[in-house]
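Summary of structural features
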Amino acid sequence: MKHTSRIGRQPTDAEFAAIKGNDAAADGRFLYGVATTKIFCQPSCISRAPKRENVRIFADAAAAQAAGFRPCKRCRPDQIPAADARLERARKLIDERLAAGESAPTLTQLARVAHMGATHLQRRFAAAYGLSPRAYAEAQRIAALKQHLKKGNGVSDAIYGAGFGAASRVYEKADRWLGMTPAAYRRGGEGLTLTVAIRRTAMGSTLVAESPRGIAALLFGRNENTMLAELRDEFPAARIDRDDKAGSAAFAALEAMLAGKAPPKGLRLDLRGTPFQIRVWSALQAIPAGETRSYSEIAASLGHPRASRAVGSACANNIIGVLVPCHRALRSDGGLGGYRWGLERKEKLLTGEGVELEPAE
């Protein structure tokens, strides 16, 4: 196709997966525009992912603007600071090794290619990407493992194809990384039973899904079908047992939080995500009712002050609404930022807790 650089190109599978997952690790590699809105964003932007056929990929802000797209006011892709070339060399070495199915490079090897001291590299890398080099490599391997499994690849092939040197390590961590065994994840959660209750609450139509480990999802939507479809996206092959009398503890906890109270102690949540996502979700649970934190403040509390976009990505991927209070995370300027279930609900939650919000621009 001619003039693809002027109009943008279609995304690769990996690029679209990064956009759909609000992957902060992809920031700096490319920008994407949405043909229907003529707005371009960073991969980590916490806006809802567009349809793939509407996505256009650009190398930088200048290319997007030349094609007639305007920058997103939420993620400000035209204000991305230039990446440190030394850190980029280290990150690319990790990506190349993993793409080749090899083990991740050591910190010493990364320091050598970056021409930096190992300790200095460790600190700067974590500040820039929100994860240490080792954690970044692990997160990339987990993402690759999930992709291989979703494609139906055999478990062993998926494990080694994702760059894990030993299957035993994956099985040891599978419950935390995948929420189930690799084989069950490959089958879309087959073998997992979720008890689902749908009721009308102050948040509108509300769905609670419980697994044997605890509350696995708390979703809001216009109607039952949209919420069940959202649940199916997360657990495509899980068995769904509908029982609207179930979920009493979850609904009681939701009512308590909507009233500005703390949820009951001992409430079990079935958190499924990367190690960084789970740290963010735990940090959100520690924010008292009536208080908020900016994405950057949450990032700083985790020891990664420059990982605010990664925090926003974790919030966008949270499927346990209110009980994991991602509505208490705001932009640094006091703006609402994003919310998986709509800004109107986020504003309602915050004002109900007594939070005074900045007036809209």
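Located above this text is the structure these notes cover.
Residues numbered from 1 in each chain as written. Predicted model: local features only at pLDDT ≥ 70, side-chain atom pairs only at ≥ 80, totals over all residues. Heavy atoms only, no water.

Some words on the sheet that holds strand S8 (residues 239-242)
Read from one edge to the other, the open sheet built from four strands follows the order S7-S6-S5-S8, with strand pairing classed as mixed. One side of each edge strand has no neighbouring strand; the edge strands of this open sheet are strand S7 (214-221) and S8. Strand-to-strand, the axes of this sheet are offset by a mean angle of 30 degrees, without reference to chain direction. Sheet analysis places strand S5 (residues 193-201) next to S8, joined by four bridges and oriented parallel. Each residue of the ladder has a partner; that of leucine 194, found in S8, is isoleucine 240. The sheet contacts of helix H11 (residues 224-234) involve S5, strand S6 (204-211), S7 and S8, and relative to S7 the element is tilted by about 135 degrees. (Pairing = 2+ DSSP bridges. Helix = DSSP H or I, 4+ residues; strand = E, 2+ residues; numbered from the N terminus. Axes fitted to C-alpha atoms, helices over the stretch in contact; angles between N-to-C directions. Contact = heavy atoms within 4.5 Å.)

Observations regarding the side chain of asparagine 318
Position of asparagine 318 among the secondary structure elements: in the loop between helix H15 (308-316) and strand S10 (329-330). By relative accessible area, asparagine 318 is classed as buried at 1%. Setting aside anything within four residues of it in sequence, one finds asparagine 318 in contact with Trp281, Val324, Cys326, Arg340 and Trp341. (Buried < 20%, exposed > 50% of the residue type's maximum accessible area, 1.4 Å probe, protein only.)

Quick notes on the environment of isoleucine 57
On the secondary structure map, isoleucine 57 appears in strand S3 (residues 55-58). Considered as a pair, isoleucine 57 and proline 11 are 46 residues apart in the sequence and their alpha carbons are 5.9 Å apart. Not counting chain neighbours up to four residues away, the residues in contact with isoleucine 57 comprise Gly8, Arg9, Gln10, Pro11, Glu15, Ile19, Phe30, Leu31 and Tyr32.

A closer look at the side chain of arginine 328
Examined against the element boundaries, arginine 328 turns out to sit in the loop between H15 and S10. There is a polar contact of 2.6 Å between the side chain of arginine 328 and the backbone oxygen of isoleucine 287. Setting aside residues no more than four positions away along its own chain, arginine 328 makes contact with Met257, Ile287, Pro288, Ala289, Glu291, Thr292, Arg293, Leu350 and Glu353. (Polar contact = N/O pair within 3.5 Å; in protein donor to acceptor, adjacent residues only side chain to side chain.)

That's the geometry; what it means functionally is another story.
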